[in-house]
Amino acid sequence: MKASNMLYCNELTKVYVTGGGFSRSRLVAVNKASFSLSAQRPEILTLAGESGSGKTTVSKLILGFEEPTSGTILYKGRLVSSLRKRQERLNFMREVQPVFQNPFETFNPLRTVDRYLFDTEANFNGTASRLGRQAAVEEALEMVGLSLQEVKGRYPSEMSGGQLQRISLARSLITHPTLLVADEPVSMIDASLRMSVVNLFRELKQQSGVSVIYITHDLATAYYVSDRIAVMLRGCIVEMGTVEQVLETPLHPYTQILKESVPVPDPDNQWEGEIELTDLEVREYNRRGCRFAGRCPEVMEICRKAEPLSKAIAGRSVMCHLY
Ligand code: SF4
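Asker: Before we go on, may I ask you to explain the overall build of the protein in this structure?
Answerer: Helices and strands together make up the secondary structure of the protein, namely eleven helices and twelve strands. Taken against the 2.2 N^0.38 rule, which gives 20 Å for 323 residues, the C-alpha radius of gyration of the protein at 20 Å falls within 12% of a compact globule. Its C-alpha atoms put the protein at 70 × 50 × 40 Å along the principal axes. For the protein, with 323 residues in total, the buried portion stands at 49%. When contacts within the protein are restricted to residue pairs at least 6 apart in sequence, those whose partners lie at least 24 apart make up 66%. Separation between the mean location of the 38 positive side-chain charges and that of the 37 negative ones in the protein comes to 9 Å.

Asker: Help me understand the pattern of salt bridges in this model?
Answerer: In a structure, side chains of opposite charge can pair up when their charged atoms sit close to one another. Going through the model one piece at a time under the given rule, you end up with 13 salt bridges. Across the salt bridge formed by Asp 119 and Arg 111, the nearest N and O atoms sit 2.5 Å from each other. Take Asp 119: its relative accessible area is 24%, and that puts it in the partly exposed class. The class of Arg 111 is partly exposed, set by a relative accessible area of 29%.

Asker: When you look at unusual backbone geometry in this model, what are you seeing that I'm missing?
Answerer: Unusually for a residue other than glycine, Glu 11 sits at a positive phi of about 50 degrees. Tracing the backbone through its elements, the reader meets Glu 11 in strand 1 (residues 5-18). Within the chain, Lys 32 stands out as a residue other than glycine whose phi angle is a positive 50 degrees. One can find Lys 32 in strand 2 (residues 25-38).

Asker: Help me out: how do you make sense of the packing of aromatic side chains in this one?
Answerer: Each aromatic ring pair is specified by the distance between its two centres and by the angle formed by the two planes. All chains considered together, the criterion is met by four aromatic pairs. Between the aromatic rings of Phe 107 and Tyr 116, the centroid separation amounts to 5.1 Å while the plane-to-plane angle is 90 degrees, which identifies the pairing as edge-to-face. On the basis of relative accessible area, Tyr 116 is assigned to the buried category, the value being 14%. The ring of Tyr 116 has Arg 111 sitting right over it, with the charged end atom 4.8 Å from the ring centre. For Arg 202, the ring lying beneath its charged end belongs to Tyr 224, and the centroid distance is 4.4 Å.

Asker: Whenever I open this one, the sheet that holds strand 1 confuses me. Can you help?
Answerer: The strands making up a sheet associate through backbone hydrogen bonding, with each pair oriented either parallel or antiparallel. The sheet built from four strands is open, its strands ordered 2-1-4-5 with antiparallel pairing. Two strands bound the open sheet, and with one partner strand each, they are strand 2 and strand 5 (78-79). Inspection of the sheet shows strand 1 paired to strand 4 (residues 70-75) by five bridges, in the antiparallel sense. Residue pairing in the sheet places Tyr 8 in a bridge with Leu 74 of strand 4.

Asker: When you look at the nonpolar core in this model, what are you seeing that I'm missing?
Answerer: Counting residues in hydrophobic clusters, the biggest one holds 36 residues, and the most contacted among them are Leu 141, Val 151, Ile 167, Leu 169, Leu 180, Phe 201 and Tyr 214. No other element matches helix 8 (residues 191-208), which puts six residues into this core. Each residue touching Ile 167, except ones within four places of it in the same chain, is listed here: Phe 107, Val 113, Leu 117, Leu 141, Leu 146, Val 151 and Met 159. Of all hydrophobic cores here, the second largest spans 28 residues; its members include Met 6, Ile 62, Phe 92 and Val 181.

Asker: How should I be thinking about the environment of Ser 59 in this particular structure?
Answerer: Within the secondary structure, Ser 59 sits in helix 1 (residues 55-63). Along the backbone, Ser 59 and Leu 110 are 51 residues apart, and their C-alpha atoms lie at a distance of 29 Å. Setting aside residues up to four positions removed in sequence, Ser 59 forms contacts with Val 181, Asp 183 and Ile 215.

About the cut-offs
Residues numbered from 1 in each chain as written. Predicted model: local features only at pLDDT ≥ 70, side-chain atom pairs only at ≥ 80, totals over all residues. Heavy atoms only, no water. Helix = DSSP H or I, 4+ residues; strand = E, 2+ residues; numbered from the N terminus. Rg over C-alpha atoms; globule rule 2.2 N^0.38 Å. Buried < 20%, exposed > 50% of the residue type's maximum accessible area, 1.4 Å probe, protein only. Contact = heavy atoms within 4.5 Å. Lys, Arg positive; Asp, Glu negative; His and termini not counted. Charge placed at Lys NZ, Arg CZ, Asp CG, Glu CD. Salt bridge = Lys/Arg side-chain N within 4 Å of Asp/Glu carboxyl O. Phe/Tyr/Trp six-rings, centres within 6.5 Å; stacked < 30°, edge-to-face > 60°. Lys NZ or Arg CZ within 6 Å of the ring centre and 35° of its normal. Pairing = 2+ DSSP bridges. Core = buried A, V, L, I, M, F, W, Y, C linked by side-chain atoms within 4.5 Å.

So this is what it looks like as structure tokens:
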């Protein structure tokens, strides 16, 4: 790990074992995934892939919700799994904030949304005075284009999905995070409002220096918002590089197929549509050799026998026997 890394994931692996006896099966949900984020330069890194690619599992591992089976995750040089003391956990939770998929599940329907914001300020930052809490909440709401007046006394059911996701984001920002881990944050939001939420990530990066791990199956918003992209297939990062490199001239056959599904942007760069990809076959996870061999138009004999290694090609990493 370089001293300049804020987050460093090395050979991250997560294996789930289900059933018992003869029906026991092993699923490698994340397979030796490695990537890092710089501490000096905020960036938006997208983890992209179809349903079941392992991207959500990676987010849970980074947030410390689950422990890796092997491999390491270092945040500012410390092993995330070793942060066990209450104060260490609290500091980590302050700095690394999740943004969840469904904002309606983030909030209790029986509590007004402003209560959440005030409580977050009190619990994480220990602000005792009402005026102090109010100033902090106002500031966080302003960062997402809302005001306390607009949300005060309102219940989640009185807000749109887009508004509620903004409030959820404001709640994350109250702790002044350095990293947001956003798992499909716009998939439950009206298509017309998606770009406004995704744009907030760019603004937060540029204006507040917040880095974002953006997890999505939607390559359109990924192209629009990311600096780098890691394309995941059955737990493996098969191609990673700048978003322009990977999505404009993809090298991995799987990325090439994904790219064909990306809609054309309109003149204002406002992407429309969403990529819905085919259902996974669980057996692809446990396939010998390359996990894409069953669907790859370029498959070769070696692909069915040996797992390809990740290689540095043309400024990006590619995991494929073609290279
Ligand atoms: Fe296709 Fe072989 Fe490359 Fe896998 S390793 S993507 S099967 S060419």
